[in-house]
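The primary structure of each chain is shown beneath.
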Amino acid sequence: MPHPLHLTDQAWKDAETLVQRLEPAARELGSTDSFYEDLVCGLRFTCGATLTSLSLLENGHETVLARNGIRLHASADSNLEPESEPQRAAVTVEFPVHSQVNLRLKIRFDQPISLVTEAHLVDLSDVLLTLAAGVYLRQQFADLRSQVETQ
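Residues numbered from 1 in each chain as written. Predicted model: local features only at pLDDT ≥ 70, side-chain atom pairs only at ≥ 80, totals over all residues. Heavy atoms only, no water.

1. Side note on the packing of aromatic side chains
So, step 1. On inspection of all chains with the given rule, the structure shows 1 aromatic pair.
So, step 2. Their ring planes at 70° and their centres at 6.1 Å tell us that Phe35 and Tyr36 sit as a pair that is edge-to-face.
So, step 3. We classify Phe35 as buried; its relative accessible area is 4%. (Phe/Tyr/Trp six-rings, centres within 6.5 Å; stacked < 30°, edge-to-face > 60°. Buried < 20%, exposed > 50% of the residue type's maximum accessible area, 1.4 Å probe, protein only.)

Written out as structure tokens, the structure is:
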């Protein structure tokens, strides 16, 4: 497995390719599940993560929309979560969709990442979550329209 998103030309090209591939898919009226799967799979490949997941947070309840990879568990001696370690091996970014609803993107690695890499992953995640928010809102609108039509 490649190392987490080293600042190389290839990493930037992979990230740009991922965004360019997802942009048209975000505008299509296709399956939201396949879009979410493509997003997390592409992100995992692009940044060399062990696990990527996209979740919906609504009124304090988290629903996983898509997940790709595996999570490596800490040893039984360790009670620390990866987010609480000085050098984190995970990046979590939340994007507000509307009141009380956020999308959350988690990227986990098998080794700690640098702060520079984390900052770049946050920027990439913001772009991807913006695309995912449009897909989510379009699906919600379609669901509401369907409910109104059945009533």
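2. Here's the deal with the sheet that holds strand β1 (residues 51–58)
So, step 1. In space, the 4 strands of this open sheet follow the order β2-β1-β4-β3, with antiparallel pairing throughout. Sheet topology places β2 (61–69) and β3 (90–98) at the edges, where each strand pairs with a single neighbour. On average, adjacent strands in this sheet sit at an angle of 15° to one another, irrespective of strand direction.
So, step 2. By the bridge criterion, 8 bridges tie β1 to strand β4 (residues 101–108) in an arrangement that is antiparallel. Within β4, the position partnered with Ser53 by the bridge is Lys106. (Pairing = 2+ DSSP bridges. Helix = DSSP H or I, 4+ residues; strand = E, 2+ residues; numbered from the N terminus. Axes fitted to C-alpha atoms, helices over the stretch in contact; angles between N-to-C directions.)

3. Details of the packing of helix α2 (residues 32–47) against helix α3 (residues 115–150)
So, step 1. Where α2 contacts α3, the two axes come as close as 10 Å, and the packing angle between them is 175°. By the angle between their directions, the pair α2 and α3 is classed as roughly antiparallel. Across the interface between the two elements, Thr32, Phe35, Tyr36, Leu39, Leu43 and Cys47 from α2 touch Leu121, Leu124, Leu128, Leu131, Ala132, Val135, Tyr136 and Gln139 from α3.
So, step 2. Counted by class, the contact of α2 with α3 contains 12 nonpolar, 2 polar and no charged residues. (Parallel < 35°, antiparallel > 145°, perpendicular 65-115°, else oblique. Contact = heavy atoms within 4.5 Å. Nonpolar A, V, L, I, M, F, W, Y, C, P; charged D, E, K, R; others polar.)

4. Some details on the pairing of β3
So, step 1. Pairing of β3 with β4 involves 8 bridges; the strand directions are antiparallel. Pairing of Val93 across the sheet is with Leu105, part of β4.
So, step 2. Between β3 and β4, which pair antiparallel one after the other, the connecting turn spans 2 residues, and Gln100 there sits at a positive phi close to 70°.

5. Quick notes on the nonpolar core
So, step 1. Of all hydrophobic cores here, the largest spans 33 residues; its most connected members are Phe35, Tyr36, Leu39, Leu43, Leu105, Ile107 and Leu128.
So, step 2. Every element with two or more residues in this core is listed here: α1 (9–27), α2, β1, β3, β4 and α3.
So, step 3. If near-sequence neighbours (up to four positions away) are discounted, Leu105 is found in contact with Leu39, Val40, Leu43, Ser53, Leu54, Val91, Thr92, Val93, Ser125, Leu128 and Leu129. (Core = buried A, V, L, I, M, F, W, Y, C linked by side-chain atoms within 4.5 Å.)

6. Section: α3
Since there are 3.6 residues in each turn of an α-helix, residues three or four apart along the chain are aligned in direction.
So, step 1. If you check α3, its first and last C-alpha atoms are 51 Å apart, about what 36 residues at 1.5 Å a residue would give, namely 52 Å.
So, step 2. For α3, every residue scored as buried is listed here: Thr117, Glu118, Leu121, Leu124, Ser125, Leu128, Leu129, Leu131, Ala132, Ala133, Val135 and Tyr136. (Expected span 1.5 Å × (residues − 1).)

7. Things to note about the layout of surface pockets
So, step 1. Counted as a void, the second largest pocket has a volume near 240 Å³.
So, step 2. Lining the second largest pocket are 15 residues, with Glu28, Leu29, Gly30, Ser31 and Arg138 sitting closest to its centre.
So, step 3. For the lining of the second largest pocket, the secondary structure elements donating two or more residues are α2 and α3.
So, step 4. Grouping the amino acids of the lining of the second largest pocket by side-chain chemistry returns 6 nonpolar, 5 polar and 4 charged. (1 Å grid on protein atoms, 1.4 Å probe; cavity = no way out; pocket = protein on both sides within 12 Å on 5 of 7 lines; lining within 4 Å. Points joined across faces, edges and corners; volume = space filled by probe spheres on them.)

8. Side note on the pattern of salt bridges
So, step 1. All told, the structure shown has 4 salt bridges when counted by the stated rule.
So, step 2. The partner of Asp38 in a salt bridge is Arg21, and the shortest N-O contact between them spans 3.0 Å. Residue Asp38 is found in helix α2, and its partner Arg21 is found in helix α1; the two are separated by 17 residues along the sequence.
So, step 3. Classification of Arg21 as partly exposed rests on a relative accessible area of 40%.
So, step 4. Residues Glu94 and Arg104 are paired through a salt bridge, measuring 2.7 Å at the closest nitrogen-oxygen approach. (Salt bridge = Lys/Arg side-chain N within 4 Å of Asp/Glu carboxyl O.)

Fair warning: the whole summary comes from geometry, so function is off the table for now.
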